[in-house]
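For reference, the chains in residue letters:
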Amino acid sequence: MSLIAGAGTALVLGLGACGQASGVASEAARHSPARGGLLDLRTTPAAGCEASVKLIPSCGAWWGVAPEVFTGRPPDRALARAERRMGRTAGVVHVYHREGELFPTPQEAAIARDPAGRRLLLVNWKPSFGRTWAEIADGALDKRIDRLAAHIRTTFPERFFLTVHHEPENDVRDDPASGMTARDYAAMFRHVVERLRAGGVRNAITVMTYMGAPNWAAEPWFEQLYPGDDVVDWVAMDPYADARVQTFDGLINKTRKEFPDWPGFYRWMQWRFPGKPVMVAEWGVFERREQPWFKSAFFASVRQELRRYPQIKALVYFDSPSAPRGDTRFDTTPAGRRAFRELARDPYLNATAVPEK
């Protein structure tokens, strides 16, 4: 990993000057009354900006949210509430599925197809909690995968993001007999994607999602997790602003003195995946009771620093009153809500329209 420190030049993924997107949209959101007296939360993309086949926005980055997680509200209601709170529609909506659940559900399909504001789905799927990765790679869940493929093929032709068993690092077991080694994970991911494709699923844009923590990146098996370029379209990280993180740069490039060779996740991704878009698939800012101003200051830092990282092409916030390590709601203070709304309306995060197909 010492080689990574020399990779300091940000890559623009060959998307041209539009990928730098500074002031590309004349207005991030309209605020005129819509039908029923509600605010129109739709965004106004810039002319000439479009999404690639792999859903890479040619200008700026997608703005997304996992809305009101762990509240028990159904996705459509949670999303409607979250969008009112942040003052705009989301370009990407993060939803979670497990085991034999079929997705997208009718409710999720309606969210994606909403004529008042189309959205991309980011589906997070853990295929099984009872089978090891090695067993899945060997075909133990093929009937489940085939059933899902048939459901997607017949009900949802639109493109969507799919991540398979996100954040695998803390599930890895060193024992080769465990069926849960890093190589087993890579084989499982590959098998699931290839099986879905064989079943006719051509619209799933695949995402490999790492935790983004230095301690796991320092493990000797870390590089073995990657399934391969042919089955991974985007790479992602899930960083959270803990007590040691002060700004956006510190979030996406966490370093620790205990791991002196680790340059930070974004820097590593630049070096390791120079041709792939990066997604911040989950990020959140924990409540700091002793620093009630912190969330507003942090959201301001995201807006100030985001353009320095052009390989990041999607930013998806994890909004929850009861995340495992704290409250990540963005509007726990009036100042936090204002700063988050300003970030959400930034032209860089509104530049490219969500495609219809």
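In what follows, the structure referred to is the one given above.
What counts and what doesn't
Residues numbered from 1 in each chain as written. Predicted model: local features only at pLDDT ≥ 70, side-chain atom pairs only at ≥ 80, totals over all residues. Heavy atoms only, no water. Core = buried A, V, L, I, M, F, W, Y, C linked by side-chain atoms within 4.5 Å. Buried < 20%, exposed > 50% of the residue type's maximum accessible area, 1.4 Å probe, protein only. Helix = DSSP H or I, 4+ residues; strand = E, 2+ residues; numbered from the N terminus. Contact = heavy atoms within 4.5 Å. Arc of directions from axis to C-beta. Lys, Arg positive; Asp, Glu negative; His and termini not counted. Salt bridge = Lys/Arg side-chain N within 4 Å of Asp/Glu carboxyl O. Polar contact = N/O pair within 3.5 Å; in protein donor to acceptor, adjacent residues only side chain to side chain. Pairing = 2+ DSSP bridges. Right-handed = clockwise from strand over helix to strand, strands pointing away. Axes fitted to C-alpha atoms, helices over the stretch in contact; angles between N-to-C directions. Parallel < 35°, antiparallel > 145°, perpendicular 65-115°, else oblique. Left-handed = near helix turned anticlockwise from the far one by under 90°.

## Some words on the nonpolar core
- Of all hydrophobic cores here, the largest spans 79 residues; its most connected members are Tyr 210, Trp 283 and Phe 298.
- No other element matches helix H5 (residues 182-198), which puts 7 residues into this core.
- Those residues in contact with Phe 298 that sit more than four places away from it in its chain are Ala 241, Val 245, Gln 246, Thr 247, Phe 248, Leu 251, Trp 283 and Val 285.
- With 16 residues, the next largest nonpolar core counts Ile 56, Leu 120, Val 207 and Ala 314 among its residues.

## Some points on helix H2 (residues 106-113)
- Where H2 is concerned, the buried positions are Glu 108, Ala 109, Ile 111 and Ala 112. Each buried residue of H2 lies within a common arc of 155 degrees when the element is viewed along its axis, so the set occupies one face.
- Looking at the buried positions of H2, the neighbouring elements they touch are helix H1 (75-86), strand S2 (92-98) and strand S3 (120-126).

## Some thoughts on the side chain of Asp 184
- By secondary structure assignment, the location of Asp 184 is in helix H5.
- Although Asp 184 is buried, it makes no salt bridge; Arg 183 carries the closest opposite charge, 8.4 Å away.
- A distance of 3.0 Å separates polar atoms of two side chains, one belonging to Asp 184 and the other to Thr 181.
- Apart from residues no more than four positions distant in its own chain, Asp 184 is found in contact with Trp 133, Ala 134 and Gly 179.

## A closer look at the pairing of strand S9 (residues 312-318)
- Of all 7 residues making up S9, 7 are buried, and the element is well covered by its neighbours.
- Inspection of the sheet shows strand S1 (residues 62-66) paired to S9 by 5 bridges, in the parallel sense. By the bridge assignment for S9, Ala 66 is matched with Phe 318.
- What joins strand S8 (residues 278-285) to S9 is helix H9 (residues 294-305), and the crossover it makes is right-handed.

## What about the packing of helix H4 (residues 142-155) against H5?
- Where H4 contacts H5, the two axes come as close as 9 Å, and the packing angle between them is 45 degrees. One way to sum up the angle between H4 and H5 is to call them oblique. Judged by the sense of rotation from one axis to the other, the crossing of H4 with H5 is right-handed. Here Asp 142, Ile 145, Asp 146, Leu 148 and Ala 149 of H4 come into contact with H5, specifically with His 191, Val 192, Arg 195 and Leu 196.

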